[in-house]
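Descriptive analysis of the structure
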Amino acid sequence: MKNFLFILFLVGLTMFSIMGCERSITKQMIEPIASPEMPTTDDPEAFTIAFVQAAVDLYKTEGREFAIAYYNDLASVNGQWYVVIIDDNDIVVSRAVLPERIGRDTKNSVGSDGYPVGLEILKATEQGHWINYLWNNPESDKLELKRTWVIRYDGYVFLSGYYEPWHPDPATLPTVSKDDPEAFTVSFVYEAIARYEFAGVQATAAYYNDPTNIDGQWYMFITDPNDTFLAHAVRPDFIGTDLKDISGPDGTPVGREIAKATGGGAWIEYAWHNPESGEVELKRTWAIRHDGYLFSSGYYEPVVEDAMIVSN
């Protein structure tokens, strides 16, 4: 009987020790986020700075591996705020949201508008700095202005950010030269999205259905969330039809490829009739989703064989 009671005592002591350790570890892990000194999300700028500093403090007190593991866990996410950690080789090592980007080289990261986000991130110092760029907000499914606070500690980069609505007047957007047709195409599409935010879908569709708003080889085509054409000044017969049913002159499923575009945007290359030259040429189209709608435009280059390439 005494031996039995002694065994129960040992088991109880062991369970107490294990549970005590678990509580201790849990407390250590949530303390940086739940600190009463943290600003509230009502002040998103101050909250973001404190949120990132909490990650740096966790790294300092608990070590690199602990911090990396914690910020790879969805438990570390607070609404739209999550911490990304980049190692001293510029590789993403922590990202609870979109974890498929772990292992990527940060230098290759660009915003939806082509802004070199990765290169700006890697300029981080121990004093920290803000980066502003357009990015798809997964909660609203819209392009919005993302404000990201970036700071470096011990060779590692820590960052987080928040979104602000993007409602610019199309007339105030910067002018991009046609000498860089790729950059001009992206800006042409972004002007259409800005017009949508500024004036609404009906006014935007009417604007881009007007042939006078074709700019050389650049014209907009817009589809609704069901991929039905709302605007296409060059091919008004497409209005009301399904983008996914459109094929190129060689029979390639052009429409289905374009319809795959997400809020991150994609370039699609395919053979298409150039309305200016009347010839079949290689068309490079930039397509991006915003609020469910698809906005697309492109430019032409000399045709090449097997021209069906999609890049995000």
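Shown above is the structure to which this text applies.
Residues numbered from 1 in each chain as written. Predicted model: local features only at pLDDT ≥ 70, side-chain atom pairs only at ≥ 80, totals over all residues. Heavy atoms only, no water.

**Section: the sheet that holds strand 2 (residues 92–95)**
So the rule is basically this: We treat two strands as partners when DSSP finds at least two bridges between them. Starting at the N terminus, helices and strands are each numbered in turn, a helix being any DSSP run of H or I of at least four residues and a strand any DSSP run of E of at least two. Throughout, an axis means a line fitted to C-alpha atoms (over the contacting stretch in the case of helices), and angles, computed between N-to-C directions, take values from 0 to 180 degrees. The contact definition used throughout considers only heavy atoms, calling two residues in contact when any of these lie within 4.5 Å.
Taken together, 5 strands build an open sheet; the order of strands is 2-1-5-4-3 and the sheet is antiparallel. Each of the sheet's edge strands pairs with one partner strand only, and the pair in question is strand 2 and strand 3 (129–137). Recorded for the sheet is a direction-independent mean angle of 25 degrees between the axes of neighbouring strands. Where strand 4 (residues 142–153) and strand 5 (residues 156–164) come together, 9 bridges link them in antiparallel fashion. Counted as the bridge partner of isoleucine 151 is phenylalanine 158 from strand 5. Strand contacts of helix 2 (residues 44–62): strand 3, strand 4 and strand 5, with the helix running at about 155 degrees to strand 5, the strand carrying the most contacts.

**Examining the pairing of strand 3**
Bridge analysis of strand 3 against strand 4 gives 9 bridges, and the strand direction is antiparallel. Across the sheet, residue isoleucine 131 finds its bridge partner in strand 4, namely threonine 148. Hairpin connection between strand 3 and strand 4: a loop of 4 residues separates the two successive antiparallel strands, and aspartate 141 in this loop has a positive phi of roughly 60 degrees.

**Some points on the packing of aromatic side chains**
For clarity, the cut-off: Each pair of aromatic rings taken from Phe, Tyr and Trp, with Trp reduced to its six-membered ring, is defined by centres within 6.5 Å and is described as stacked if the planes are under 30 degrees apart, edge-to-face if over 60, and tilted in the remaining cases. Three exposure classes are used, based on accessible area relative to the maximum for each residue type with a 1.4 Å probe and protein chains only: buried under 20%, partly exposed in between, and exposed over 50%. The rule for a charge over a ring is simple: NZ of Lys or CZ of Arg within 6 Å of the ring centre, and within 35 degrees of the ring normal.
Under the defined criterion, the tally for this structure stands at 24 aromatic pairs. With 5.8 Å between their ring centres and 70 degrees between their planes, tyrosine 196 and phenylalanine 295 make a pair best called edge-to-face. Here tyrosine 196, found in helix 5 (residues 181–199), pairs with phenylalanine 295, found in strand 10 (residues 293–301); they are 99 residues apart in sequence, far enough to count as distant. Pairing tryptophan 267 with tryptophan 286 gives two aromatic rings, centres 5.5 Å apart and planes at 50 degrees, and the pair type is tilted. Here tryptophan 267, found in strand 8 (residues 266–273), pairs with tryptophan 286, found in strand 9 (residues 280–290); they are 19 residues apart in sequence, far enough to count as distant. Summarising the burial analysis for this pair, tryptophan 267 and tryptophan 286 share the class buried. Each residue in the set Phe184, Phe188, Tyr207, Tyr208, Trp218, Trp267, Trp286 and Tyr299 is aromatic and connected to the rest through ring pairs, giving one cluster. The positively charged end of arginine 195 is found above the aromatic ring belonging to tyrosine 207, 3.7 Å away from the centroid. The ring of tryptophan 267 carries arginine 284 above its face, with NZ or CZ at 4.5 Å from the centroid.

**Observations regarding the side chain of threonine 106**
Assignment of secondary structure puts threonine 106 in the loop between strand 2 and helix 4 (117–121). Not counting residues within four places of it along the chain, the set of residues in contact with threonine 106 comprises Ile86, Asp90, Val92, Gly118, Leu119, Ile121 and Leu122.

**Topic: the environment of proline 275**
Checked against the element boundaries, proline 275 lands in the loop between strand 8 and strand 9. A residue is classified by how much of its surface remains accessible, and proline 275, at 45% relative accessible area, is partly exposed. In this structure the C-alpha to C-alpha distance between proline 275 and valine 234, which are 41 residues apart in sequence, comes to 7.9 Å. If we ignore the near neighbours within four places in the chain, the residues touching proline 275 are Tyr219, Val234 and Tyr300.

**Quick look at helix 5**
What counts here: Expected span of a helix, by definition, is 1.5 Å for each gap between consecutive residues, and there is one gap fewer than residues.
Taking 1.5 Å per residue, 19 residues should reach 27 Å; helix 5 reaches 26 Å between its end C-alpha atoms and fits that length. Residues of helix 5 that are buried: Phe184, Thr185, Val186, Phe188, Val189, Tyr190, Ala192, Ile193, Ala194, Arg195, Tyr196 and Glu197. Structurally, helix 5 contributes buried residues whose contacts are with strand 3, strand 4, helix 6 (201–209), strand 8, strand 9 and strand 10. Immediately beyond the C-terminal end of helix 5, within one or two residues, lies glycine 200, with a positive phi of roughly 95 degrees.

**Some details on the nonpolar core**
In summary, soluble globular proteins display a tendency toward joint burial of nonpolar side chains. Condition: Among the buried residues, those of types Ala, Val, Leu, Ile, Met, Phe, Trp, Tyr and Cys that are joined through side-chain atoms within 4.5 Å form a nonpolar core.
Core analysis: the biggest nonpolar cluster contains 24 residues, and Val189, Tyr190, Ile193, Met220, Trp286, Ile288 and Phe295 have the highest contact counts within it. Listing elements by their share of this core, those giving two or more residues are helix 5, helix 6, strand 9 and strand 10. Per element, the largest residue contribution to this core is 9 residues, and it comes from helix 5. Counting residues in hydrophobic clusters, the runner-up holds 22 residues, among them Phe51, Val56, Tyr70 and Ile151.

**Focus: the pattern of salt bridges**
What counts, and what does not: Salt bridge criterion: a side-chain nitrogen from Lys or Arg within 4 Å of a carboxyl oxygen from Asp or Glu.
Per the stated rule, a full pass over the model turns up 15 salt bridges. Where aspartate 227 meets arginine 289, a salt bridge forms, and the shortest distance between an N and an O atom there is 2.6 Å. Of the two residues, aspartate 227 sits in the loop between strand 6 (221–223) and strand 7 (229–232) while arginine 289 sits in strand 9, which places them 62 residues apart along the sequence. A relative accessible area of 7% means that aspartate 227 is categorised as buried. Here arginine 235 ties to aspartate 237 by a salt bridge, and the two come within 2.8 Å at their closest N and O atoms. Classification of aspartate 237 by relative accessible area gives partly exposed; the value is 48%. Connected via shared salt-bridge partners are Asp227, Asp242, Lys244 and Arg289.

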